[in-house]
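# What the coordinates show
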Amino acid sequence: MEMIRNQWYLACLLDELKHQNPLKKKIVGQELVVFKTESGKIGVMEDRCCHRNVNLSLGKVQGETIKCGYHGWEYNTQGACTCIPSLPEGETVPRTVRIEAYPVEVKHQAVWVYIGDEALMSQAIIPPMTELDEFPIVYNYHFLDADLKLVAESLIDAYHINHVHSASIKTFMGNLYGEDVEFNLNIQDKYLTGEYLRHNDSSIWEKLYFGFDKEIKTKFGFWFPHTSKLDIQFKKRRMVIYEHFYQVDEHTISMCQITAWQKIFNEFPLFIFDKPFMLNKSNKIVEEDIVFLENNKRIKDETGKRDILIQSDTVTFEFSKLWNRNLKANTVGYDEPVEAKDKE
Ligand code: FES
Ligand SMILES: [Fe+2]
């Protein structure tokens, strides 16, 4: 299967670039080095020194350049080699000595990199993750052997929460009981959003933290092909979970979960551990999901077997249509998945 290029991908959170060490990343098969210079410029380039093809991420950031750890060649954020220490005095670095640098955007506390055909760049979207600019955040990365489409859908799947997440996070995300849920879907070309109500069955401690409201407004969204959102809204509190995912290579998916929440310190001066608390919750949620995401066996066309969706799977059905439609437009030679049916 061809990996999905021609998209803006989240290369790292700004928080990861605090220490000026270069970061090594791999997105849709492309090895990348991400670094921030002394003056704050950010570069995302192929992770390869063109002298002897070693990873530049083994080197160090110095001033405005990244310096290869092997023989000290230096590159600026545009990928141009600016210094070769062994060059005889008076000689300049040939202009052809350069590596590929990718388009970069800094948005919503993250560094985004565009990988693919630059002629198609204007069609790719960075999701409006505005909560990351307003609230404190925690994040974690997970690497899975799973189906990308299933990972993409997992956060907006309303019905798995009752079952998959019942043991560890109890019920603070709310419950659904076989009722007719109105999802208020808004389906666009490249994304969908929606909202519905869940029952607040939290423990007394969770209610103290999140609120005593009877119903929890739950908003969700998916932006093709890499980001999904769950936005849990109490009257006074709000918790927003984003998941950003992509194929690292043919066998591995990277999933970064970012959780943002409305700070409640002003009302609860004694509750000073909200970051570790949220990180712990966030990690547990993902671990519980991974069991099922890695267990899923994507049914192949040849078997003639299909996912069976029922009336209440309307979000999954619409997500699947959006996914398949965009996948066709974004990849060449993609082995098209079986389209899910509403009813057999
Ligand atoms: S391999 Fe990078 S400077 Fe020689
Ligand atoms: Fe989940």
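Residues numbered from 1 in each chain as written. Chains lettered and ligands numbered in written order. Predicted model: local features only at pLDDT ≥ 70, side-chain atom pairs only at ≥ 80, totals over all residues.

## Regarding the pairing of strand β3 (residues 30-36)
Just so we agree on the cut-off: Once C-beta atoms are placed from the backbone, each residue is buried if 20 or more other C-beta atoms lie within 10 Å of its own, exposed if 12 or fewer, and partly exposed for counts between those two. Strands are runs of DSSP state E lasting at least two residues, helices are runs of H or I lasting at least four, and both sets are numbered from the N terminus onward. Pairing between strands is defined by DSSP: at least two bridges between the two strands are required.
With six of its seven residues buried, β3 lies for the most part within the structure. Examined bridge by bridge, strand β2 (residues 23-27) and β3 share five bridges and lie antiparallel to one another. Counterpart to Lys26 in the pairing with β3 is Glu31. When β3 meets strand β4 (residues 42-46), the two strands line up antiparallel, connected through five bridges. Bridge pairing links Lys36 to Ile42 in β4.

## Comments concerning the sheet that holds strand β13 (residues 191-199)
Here is the rule we go by: Residue pairs are scored as contacts if the distance between their C-beta atoms, which are placed from the backbone, is within 7 Å. In this analysis, axes come from line fits to C-alpha atoms, helices being fitted only over the stretch in contact, and the angle between any two N-to-C directions falls in the range 0 to 180 degrees.
Across the sheet, which stays open at both edges, the seven strands sit in the order β11-β17-β16-β15-β14-β13-β12 with antiparallel pairing between neighbours. At either margin of the open sheet sits one strand with a lone partner, and together these are β11 (137-144) and β12 (186-187). Pairing between β13 and strand β14 (residues 215-223): nine bridges, direction antiparallel. Looking at the pairing, Tyr191 lines up with Trp223 of β14. Here helix α5 (residues 274-295) sits on the sheet and contacts β11 and β17 (253-261); the angle it forms with β11, its principal contact strand, is near 25 degrees. Where helix α6 (residues 314-330) meets the sheet, it contacts β12, β13 and β14, and its direction lies at approximately 165 degrees from that of β13.

## Observations concerning α5
Definition in use: Given a helix with a known number of residues, its expected span is that number minus one, times 1.5 Å. At every residue, the bend is computed as the angle between two fitted axes, covering the seven residues ending there and the seven beginning there respectively.
Relative to the 32 Å expected for 22 residues at 1.5 Å per residue, α5 spans 32 Å between its end C-alpha atoms, a close match to the ideal helical length. Of all the bends found along α5, the most pronounced is centred on Asp289 and spans about 25 degrees. For α5, the set of buried residues is Lys281, Ser282, Ile285, Val286, Asp289 and Leu293. The inward-facing, buried residues of α5 abut β11, α2 (148-154), α3 (161-164) and β17.

## Describing the pairing of β14
One face of the sheet, then the other: side chains in a regular strand alternate in exactly this way. The pairing of β14 with strand β15 (residues 227-233) spans seven bridges and is classified as antiparallel. Among the inter-strand pairings, Gly221 is bridged to a residue of β15, identified as Lys229.

## Notes on the sheet that holds β3
Backbone-to-backbone hydrogen bonds pair the strands of a sheet. The strands run either parallel or antiparallel. With respect to topology, three strands assemble into an open sheet ordered β2-β3-β4, the strand pairing being antiparallel. Because the sheet does not close on itself, it has two edges, and the strands there are β2 and β4. Across the sheet, the mean angle from the axis of one strand to that of its neighbour is 30 degrees, orientation sign disregarded.

## Thoughts on the confidence of the model for the chain
Formally: Note: pLDDT gives the predictor's confidence per residue, expressed from 0 to 100.
Predicted confidence across the chain gives a mean pLDDT of 88, with 88% of residues reaching 70 or more. Low pLDDT, under 50, characterises residues 332-340; the predicted model gives this stretch 21 contacts beyond four residues in sequence or across chains.

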